[in-house]
Amino acid sequence: MALLEVLDLQVRFDTADGLVQAVRGVSFAVESGHTLGIVGESGSGKSVSTQAAFGFARGAHVSGRALFEGRDLLAMSDRELRAVRGARVGMIFQDPLTSLHPMYRVGWQIVEAIRAHDRSVTKRAARSRAIELMARVGIPQPERRVDDYPHQFSGGMRQRVMIAMAMALTPSLLIADEPTTALDPTVQAQILELLRELKEDFGTAIIMITHDLGVIAEIADDVVVLYAGKIMEEAAVRDLFYHYHHPYTEGLMASLPSTGVRRGELVPIDGQPPSPIDPLPGCPFAPRCRYATAECTIEAPQLLEIPGEPRHRSACVLPRERAARQALRETRFAPATRDMVLDR
Amino acid sequence: MLTFLARRLALGILVMWLVTVIVFIIFYIGPGSADVARALAGRDAPPSTVALIARRLLLDRPWYVQYGHFIWELLHGNLGFDYYHDEPVTTIVAQGIPITLSLIVGAAPIWLLIGVLTGMYSARHPRSFLDRSFTTFALAFYSTPTFVLGVLLILLLYYQLTIHGIALFPGSGFTPLTQNPFEWFRGLVLPWLTLALVAAATYTRLTRSSMLDVLGEDYVRTARAKGLSERRVVWRHALRAALTPILTQFGIDVGTLVGGTVITEQVFGLPGLGWTAVHSIEQQDLPVIIGIVIVASAAVVVANIVVDALYAFVDPRVRLH
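Just so we're clear, the structure is a prediction, and the values are computed from it rather than from any experiment.

Caption draft 1: Structural view of the nonpolar core. Among the nonpolar cores identified, the biggest contains 159 residues, and A:I110, A:A164, A:I207 and B:A196 are the most heavily contacted of them. Those residues in contact with A:I207 that lie beyond four places of it in its chain are A:V30, A:L36, A:I38, A:T50, A:L173, A:I175 and A:A176.

What follows is the structure, given as structure tokens:
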């Protein structure tokens, strides 16, 4: 049984402009000890889907099921959900400066996380545990720094504090929501390395939410590609990078530095994501898709398995066979790329 | 911390000096200043008496001698004598201070409590029925003039109660705390309510907006992600951060009120600083006016320094240099 299994998750928000459909029927699973990457651009629903599952999307209409360790999170009371948060699920976020309380010492904040779920732990014991954790996540001189305030740490060190806090009770799942986006590239690499180590040591599963395919390549076992609140493609990380099926994934790959269609050329995806209010029928990516035909705008394609590649599923009507797909690309995509290059 | 205090103190002294200059200018060119000696001497006094009084008060000397004398005496804690009874101004001011302080000391916790509690509720349940009710009440009290609210309270809680045989509160007057604490309290309940209800509105709105901002902060999400109870998230995490602007407002309000409870004192017949100020203005008793202005300004200056120093305790990011 999967550690976390999200089934047909729908998240909607009432806003002044209308009903925003942030997540539209998303299903995914995380096995214990595995890392699931969720990729998507801003507004794709990648953060909202996990936040809604753990009861963070305040004011949202959430439906579907989210089975965590066999129990449906969406059916839990606030009290039951609180017992899960922090203890069984740790969370780290994008901006480690604003994610730590600016007016409390970091040690105090870690101690609070430890004692939130077990009052019997003495403050003294929790404090030495906090120092231990800070040492474990690579903060130098933890005995001294435990009494420092967040603003006295660098960005990377703050994220390490966040990780220490999230891992304080050795949760079975760590949700990392763009944890490296606000950091320098060298620090990003260190943080990813730390997460990988912790995953090995504690057997913690990770959900890595990011817009950065580079991060996915570094750390994920499986990947879910989200677009406009729907899953476009999901696969094991190698399959996604080498045999991607969906044109949106293709676009993401082409816009990556160094793995672009032509080395040195970044090919952006033209156009804007659709409005989450009153989404059109059909494939949400169709208006920006090179391969789109009339039928794509009528009905959204099902998320179907690619024959011969287990766990690889794509929501696109393109041919399922690699050779046929490649031929189509040759005829349509290559000339288009050349035109774009010449245009500049 | 010490350098910070020294700098703020120096700045405060500068402000106080400016206050003395302005006060002196008003005294020097203000209405009635030209014939102070005549007024003091009385209508039928011979010119020699007037001249004598003028000489004794240094009124025949140039302005800088007068100002120098004024500052010199001020530094020695002497604010001069009132025009009518020859009483030292310091005595008159000292009589008013306990009354005004009693008013503030009682009213401040009430408005802070009402404002912060309603503001917190409103921020946690925005657009709810109670939120809208609090906002409406706050606006109503905020726009009610103090003299109307005070008189209304007297009418309802003193007059109506008393004629029905329930004499809970006296309608006016002041009993010193040292003389009878219970009577002191009884006599001040209505003035406290008057002051607090008007002031609380500001705090309701301030707390609401400050809390709403903070509740959207990432660290509040982190607190929830730790699995903390909602009560702890709100009181320990959110309120702590939302308190800074409230504290600023509170410090300034308390300082300002030392010279600013005029109407409440007037309505309830409490001879505090504001009441004394009004009466001295009516009688053009300049030394008393100047004394009260100086004491009230000093209160505002001190309150500001205290607020700034408190910042460092509330927010560790504030470095005091």
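Caption draft 2: View of the pairing of strand β4 (residues 60-68) of chain A. Residue and element names in this part refer to chain A. As paired strands, strand β1 (residues 4-15) and β4 are joined by 8 bridges and run antiparallel to one another. Residue pairing in the sheet places L4 in a bridge with F68 of β4. Relative to strand β5 (residues 71-72), β4 is paired through 2 bridges, and the arrangement is antiparallel. What sits directly across from L67, in β5, is D72. Connecting the antiparallel pair β4 and β5 is a turn made up of 2 residues, with E69 showing a positive phi of about 50°.

Caption draft 3: Local environment of the sheet that holds strand β10 (residues 230-236) of chain A. Residue and element names in this part refer to chain A. Pairing is mixed across the open sheet formed by 8 strands, whose spatial order is β6-β7-β8-β3-β9-β10-β12-β11. In this open sheet, the two edge strands, each paired with only one partner strand, are β6 (89-92) and β11 (304-305). Strand direction decides the pairing type here: strand β3 (residues 35-39) and strand β9 (residues 222-227), joined by 4 bridges, are parallel. Along β9, the bridge assignment pairs V39 with V225. Lying on the sheet, helix α7 (residues 155-166) is in contact with β6 and β7 (173-177); it crosses β6 at an angle near 170°.

Caption draft 4: The domain arrangement of chain A, seen in detail. Residues and elements named next belong to chain A. Here chain A is partitioned into domain 1 (4-223) and domain 2 (244-343). Computed over C-alpha atoms, the centres of domain 1 and domain 2 are 31 Å apart. If you look at the interface, domain 1 gives 10 residues, while domain 2 gives 8 residues. In terms of residues, the side of domain 1 that touches domain 2 owes the most to one element, strand β2 (residues 18-30), which gives 5 residues. A class-by-class count of the residues in the side of domain 1 that touches domain 2 yields 4 nonpolar, 3 polar and 3 charged.

Analysis parameters
Residues numbered from 1 in each chain as written. Chains lettered and ligands numbered in written order. Predicted model: local features only at pLDDT ≥ 70, side-chain atom pairs only at ≥ 80, totals over all residues. Core = buried A, V, L, I, M, F, W, Y, C linked by C-beta atoms within 7 Å. Buried ≥ 20, exposed ≤ 12 C-beta atoms within 10 Å, placed from the backbone. Contact = placed C-beta atoms within 7 Å. Pairing = 2+ DSSP bridges. Helix = DSSP H or I, 4+ residues; strand = E, 2+ residues; numbered from the N terminus. Axes fitted to C-alpha atoms, helices over the stretch in contact; angles between N-to-C directions. Domains from an automatic or database assignment. Nonpolar A, V, L, I, M, F, W, Y, C, P; charged D, E, K, R; others polar.

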